[in-house]
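Listed below, chain by chain, are the residues.
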Amino acid sequence: MTKKTKEPKLDFTTDWAYAPAPEDTKHISLKKQYDLFINGEFVKPNSKKYFATYNPATEEKIAEVAEADEKDVDTAVKAARKAFDKWSKISAKERGKYIYRIARLIQERAREFAVIETMDGGKPIRESRDIDVPLAANHFFYYAGWTDKLEYAFPNRTPKPLGVAGQIIPWNFPLLMAAWKIAPALATGNTVVLKPAETTSLTALKLAELIRDSGLPDGVVNIITGAGRTGTAIVKHPDINKIAFTGSTDVGKMIQKAIAGTDKKLTLELGGKAANIIFEDAPIDQAVEGIVNGIFFNQGHVCCAGSRLFVQESVADVVIRKLKDRMETLIVGDPLDKNTDIGAINSKEQLSKINNYLKIGKEEGADIYQSSCSILGKGYFCKPTLFLNASQSHRVVQEEIFGPVLTVQTFRTIEEVIEKANNIPYGLSAGVWTDKGSKIFNLTSKLRAGVVWANTYNKFDPTSPFGGYKESGFGREGGLHGLMPYLKF
Ligand code: NAP
Ligand code: MG
């Protein structure tokens, strides 16, 4: 009998039985130095300068990353412009095939992406493995499906691509934000110059390797690394047709000013300070899980984090007691350990920003409560924190902390909580916990938030649009809506 040879099997599932042990990281192929991905190849930066990227859980340097200057941005834009002529003309079906291929390659290399994401950014491996990486692949799958259906998506109109899109993303969901940006741009026939955040460039560069391997025509996607200066050069480049930015409200405002008077199109996905509202008729245990997930997911580095808790007065004591008990069970520590709930804060700067808010909150008179967990001596960590008895005027209530810090306020009536929830410069998301469908419908129409979750929180799907009101920005990503910012009619 001939011995059966095993077919090479592609791992398209993401529900692994185990998370990689720290020693598995040795098998992750990281280079010592990363160059810029321009016109289908990795090239040295014009300045010859590189900056270090660190593992925030160990403070160890992982790799060096090229710093792109204005000249590199110009080279990347020229490559994208040249590629646009061809890419925008190939058949939609063909375009879709390339995007599907990228999605499948992400799934195939999911494990590697998850480990690198966790090492470079500090998020728990369970989250990169089960959420970030599968969602990134799903985004490419979803938008691949739209490529040859644009005329059905926009009946009686003739959608056309804009040209070259300059895309700038933050450090909290590095791979996922790259997918949110690149997939709809490609599906609509645009070409891309993307800049990841300085502290978390590695998965975008891994994506660049994958894109090269996928055979996508040269120059369709260019990934260039660097700090704010590189971002500014993308924003100011005269031959870019669209800027898609996700990041802080301050930088978003600067970008809006910088492109005023030009014919560049703009979408801004900015900060948030979401209200998570618990009514007395809510399923309390589920709501407590929703509060924990709402604020402690990804160390609270989430633009739509449920960072302001509103609890109806009659159940406030029980909710807060259960919340404190639940916080005691959260494991803060090594992000590569599959049991970790809260990983490392992304950078030293972000940790000092959070610590400063802890000081401000105490000075303002809110009562601080932290879980009794111990924190590793090395690396950047923050204990899960509550600010009880917070007031609407406190800075910790009004400003985005972007860490595992939750302010707690109580309310009596629905009118009162709507007013307080909306009395904030941001309008990205909100959560409502109640047994009554009518209450949910009432609140979703009155809360000024782009996304409102009911009896759940922080759930994402490529089919559903995401974006904000007020200082949380404008334009939508995801779903059919996410195609529009990349099209002209
Ligand atoms: P950030 O400081 O605004 O940076 C975002 C990106 O812009 C990074 O790539 C950054 O590069 C670059 N950049 C910095 N200065 C620039 C400039 N003057 N011109 C052009 N680009 C510039 O934000 P972040 O600290 O990385 O991310 C956290 C913020 O993002 C939070 O406010 C969060 O709410 C928001 N966010 C929003 C969403 C959403 O969908 N609404 C999603 C995720 C995050 P460097 O990293 O090298 O500085
Ligand atoms: Mg890093």
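Quick note: structure is the one above.
Residues numbered from 1 in each chain as written. Chains lettered and ligands numbered in written order. Predicted model: local features only at pLDDT ≥ 70, side-chain atom pairs only at ≥ 80, totals over all residues. Heavy atoms only, no water.

## Here's the deal with the coordination of the magnesium ion (ligand 2)
For the magnesium ion (ligand 2), the full set of protein donor atoms is Tyr54 (O), Asp120 (O), Asp120 (OD) and Thr199 (O), at a range of 2.4 Å. Each donor residue of the magnesium ion (ligand 2) lies on one chain, and together they are spaced Y-x65-D-x78-T. Residue Tyr54 is located in strand β4 (residues 50-55), and its partner Thr199 is located in the loop between β8 (191-195) and α7 (202-214); the two are separated by 145 residues in the primary sequence. Here Thr199 falls in the partly exposed class, since its relative accessible area comes to 25%. (Donors = N, O, S within 2.8 Å, 3.2 Å for Na, K, Ca; no water. Helix = DSSP H or I, 4+ residues; strand = E, 2+ residues; numbered from the N terminus. Buried < 20%, exposed > 50% of the residue type's maximum accessible area, 1.4 Å probe, protein only.)

## A closer look at the nonpolar core
Counting 107 residues, the largest nonpolar core has Ile182, Leu186 and Leu207 as its most contacted members. Ranked by residue count, the leading element in this core is helix α6 (residues 174-187), at 11 residues. The contacts of Leu207, once residues within four sequence positions are left out, are Ile102, Ile106, Phe113, Leu175, Ala178 and Ile182. Ala68, Val77, Ile224 and Phe245 belong to the second largest nonpolar core, which has 24 residues in total. (Core = buried A, V, L, I, M, F, W, Y, C linked by side-chain atoms within 4.5 Å. Contact = heavy atoms within 4.5 Å.)

## Looking at helix α15 (residues 437-446)
Residues spaced three or four apart along an α-helix face the same direction, because each turn holds 3.6 residues. Every buried residue belonging to α15 is among Lys439, Ile440 and Leu443, and all of these are buried. Seen end-on, α15 carries its buried residues on one side only, within an arc spanning 100°. Counted as exposed and oriented over 90 degrees from the buried face of α15: Ser438, Phe441 and Ser445. Its buried side turned inward, α15 meets β12 (275-278), α14 (414-422), β18 (429-433) and β19 (451-454). (Arc of directions from axis to C-beta.)

## Some words on the site of ligand 1
Surveying the vicinity of ligand 1 reveals 29 residues, the closest of which are Ile169, Ser248, Leu270, Cys303 and Glu400. Within the backbone of Glu198, an N or O atom sits 3.1 Å from an oxygen atom of ligand 1. Coverage of ligand 1 by the protein amounts to 88% of the 890 Å² it exposes when considered alone. Those elements that place two or more of their residues in the shell around ligand 1 are α8 (228-236), β10 (242-246) and α9 (249-259). The dominant element in the shell around ligand 1, judged by the number of residues it contributes, is α8, at 3 residues. Residues belonging to the shell around ligand 1 are distributed by class as follows: 15 nonpolar, 10 polar and 4 charged. (Near = heavy atom within 4 Å. Polar contact = N/O pair within 3.5 Å; in protein donor to acceptor, adjacent residues only side chain to side chain. Areas by Shrake-Rupley, 256 points an atom, 1.4 Å probe, with all protein chains shown as cover. Nonpolar A, V, L, I, M, F, W, Y, C, P; charged D, E, K, R; others polar.)

## Regarding the packing of aromatic side chains
Here the structure, examined in full by the defined rule, presents 13 aromatic pairs. Seen in terms of ring centroids, Phe37 and Phe42 are 5.1 Å apart; in terms of plane orientation they differ by 45°. Their pairing is tilted. Residue Phe37 is classed as buried on the basis of its relative accessible area, which comes to 2%. Ring centres 5.1 Å apart and planes at 65° place the aromatic pair Phe154 and Phe489 in the edge-to-face group. Here the residue Phe154 occupies a position in the loop between α5 (150-153) and β6 (160-161), and Phe489 occupies one in the segment after β22 (487-488), the gap between them amounting to 335 residues. Classification of Phe154 by relative accessible area gives buried; the value is 4%. Residue Phe489 is classed as partly exposed on the basis of its relative accessible area of 41%. In this structure an aromatic cluster arises from ring pairing among Trp180, Trp453, Tyr457, Phe460 and Phe466. Over the ring of Phe489 we find Arg157, and its NZ or CZ is 3.9 Å from the ring centre. Note that Arg448 overlies the ring of Tyr469, its terminal NZ or CZ placed 4.2 Å from the centroid. (Phe/Tyr/Trp six-rings, centres within 6.5 Å; stacked < 30°, edge-to-face > 60°. Lys NZ or Arg CZ within 6 Å of the ring centre and 35° of its normal.)

## Quick word on the sheet that holds strand β1 (residues 33-34)
Spatial strand order, β1-β5-β4: 3 strands in an open sheet with mixed pairing. The sheet is open, and its two borders are formed by β1 and β4, each paired with just one other strand. Inspection of the sheet shows β1 paired to strand β5 (residues 60-66) by 2 bridges, in the parallel sense. Bridge pairing links Gln33 to Glu64 in β5. Packed on one face of the sheet, helix α3 (residues 110-121) meets β4 and β5 and runs near 100° to β4. Strands β1, β4 and β5 of the sheet are contacted by α7, whose axis makes an angle of about 55° with β5. (Pairing = 2+ DSSP bridges. Axes fitted to C-alpha atoms, helices over the stretch in contact; angles between N-to-C directions.)

## Quick notes on the pattern of salt bridges
Counted by the stated rule, this structure contains 23 salt bridges. When the shortest N-O distance is used, the salt bridge between Lys31 and Glu209 registers 3.7 Å. Linking Lys31 in the segment before β1 with Glu209 in helix α7, this pair joins segments that are 178 residues apart in sequence. We classify Lys31 as partly exposed; its relative accessible area is 34%. Assessed through its relative accessible area of 12%, Glu209 is described here as buried. Residue Arg229 pairs with Glu70 through a salt bridge whose shortest N-O separation is 2.8 Å. With a gap of 159 residues between them, Arg229 in helix α8 and Glu70 in helix α1 (residues 70-87) connect regions that are remote in the sequence. In this structure Arg229 comes out as partly exposed when scored by relative accessible area, which is 47%. Classification of Glu70 as partly exposed rests on a relative accessible area of 41%. Residues joined in a network through salt bridges with shared partners are Lys31, Glu112, Lys206 and Glu209. (Salt bridge = Lys/Arg side-chain N within 4 Å of Asp/Glu carboxyl O.)

## Here we look at the pairing of strand β15 (residues 385-388)
Alternating positions in β15 separate into two faces, Thr385 and Phe387 on one and Leu386 and Leu388 on the other, with burial throughout. Sheet topology note: the strand β14 (residues 367-370)/β15 ladder contains 4 bridges and is antiparallel. If you follow Asp367 over to β15, its bridge partner there is Leu388. As paired elements, β15 and strand β16 (residues 405-411) share 3 bridges and run parallel to each other.

## Things to note about the layout of surface pockets
Approximately 270 Å³ is the volume found for the second largest pocket. Looking at the second largest pocket, it is lined by 16 residues, and the ones nearest its centre are Arg126, Glu289, Val292, Asn293 and Arg326. Those elements that place two or more of their residues in the lining of the second largest pocket are α4 (125-146) and α10 (284-296). In terms of residue count, the dominant contributor to the lining of the second largest pocket is α10 (5 residues). Each residue belonging to the lining of the second largest pocket can be placed in one class, and the counts come to 7 nonpolar, 3 polar and 6 charged. (1 Å grid on protein atoms, 1.4 Å probe; cavity = no way out; pocket = protein on both sides within 12 Å on 5 of 7 lines; lining within 4 Å. Points joined across faces, edges and corners; volume = space filled by probe spheres on them.)

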